[in-house]
Each structure stands twice: as C-alpha cells, then as structure tokens.
Amino acid sequence: MNDEILTVYKASQYCNVATKTIINWIDAGHIKAYKTVGGHRRIRKPDLEDFMRRQGIPLPSEEA
C-alpha cells in the first residue's frame, strides 16, 4: 500500500485552490484528514482524489 500523504499546501497545489480553501473543506468534513502532534493537517492522496472526483474538480493531467 503506497498511499502518499499530502500537506495542506501540497493538496492546494494539487487542486489548484488556496490553502485556506483546503482547510475549510477539511473543517467542514468534505475531505478526510488527520492532525499531527504539532497540529498540522495531513491528507491521504486517495481521499483527496475521491473528493475531487465527487466535486467534479479535474485531476492533474498526469493522474487522469
């Protein structure tokens, strides 16, 4: 199992949105995420891609 873990910044680049948008989606429960001991959010790439497909957000061309 090779699940890539993304930071909020990397997830925002992947979705082409602002980091605050990713944080809002996580806080609203739209994207599954967890927090590190230091309080930083982390997102599994498959969870982000699942959210993107459900919302009609295009995946980057190399992933499509």
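I will try to describe carefully the structure that is included in this document. The model shown is predicted, which means the values in this text are computed figures rather than measured ones. (Residues numbered from 1 in each chain as written. Predicted model: local features only at pLDDT ≥ 70, side-chain atom pairs only at ≥ 80, totals over all residues. Heavy atoms only, no water.)

1. Points about the packing of helix 1 (residues 8-15) against helix 2 (residues 19-27)
Reasoning step 1: One can describe the packing of helix 1 onto helix 2 by two numbers: an axis separation of 8 Å at closest approach and a directional angle of 105°. With respect to each other, helix 1 and helix 2 are oriented roughly perpendicular. For the pair helix 1 and helix 2, contact is made by Val8, Tyr9, Ala11, Ser12 and Cys15 and by Thr19, Ile22, Ile23 and Ile26, respectively.
Reasoning step 2: Looking at the contact of helix 1 with helix 2, its residues break down into 7 nonpolar, 2 polar and no charged. (Axes fitted to C-alpha atoms, helices over the stretch in contact; angles between N-to-C directions. Helix = DSSP H or I, 4+ residues; strand = E, 2+ residues; numbered from the N terminus. Parallel < 35°, antiparallel > 145°, perpendicular 65-115°, else oblique. Contact = heavy atoms within 4.5 Å. Nonpolar A, V, L, I, M, F, W, Y, C, P; charged D, E, K, R; others polar.)

2. Quick word on the packing of aromatic side chains
Reasoning step 1: In total, this model carries 1 aromatic pair according to the counting rule given.
Reasoning step 2: Considering the side-chain rings of Trp25 and Phe51, the 4.8 Å spacing of their centres and the 50° angle between planes classify their relative orientation as tilted. Highlighted residues: Trp25 in helix 2 and Phe51 in helix 3 (residues 45-55), separated in sequence by 26 residues. Grouping residues by exposure puts Trp25 and Phe51 together as buried. (Phe/Tyr/Trp six-rings, centres within 6.5 Å; stacked < 30°, edge-to-face > 60°. Buried < 20%, exposed > 50% of the residue type's maximum accessible area, 1.4 Å probe, protein only.)

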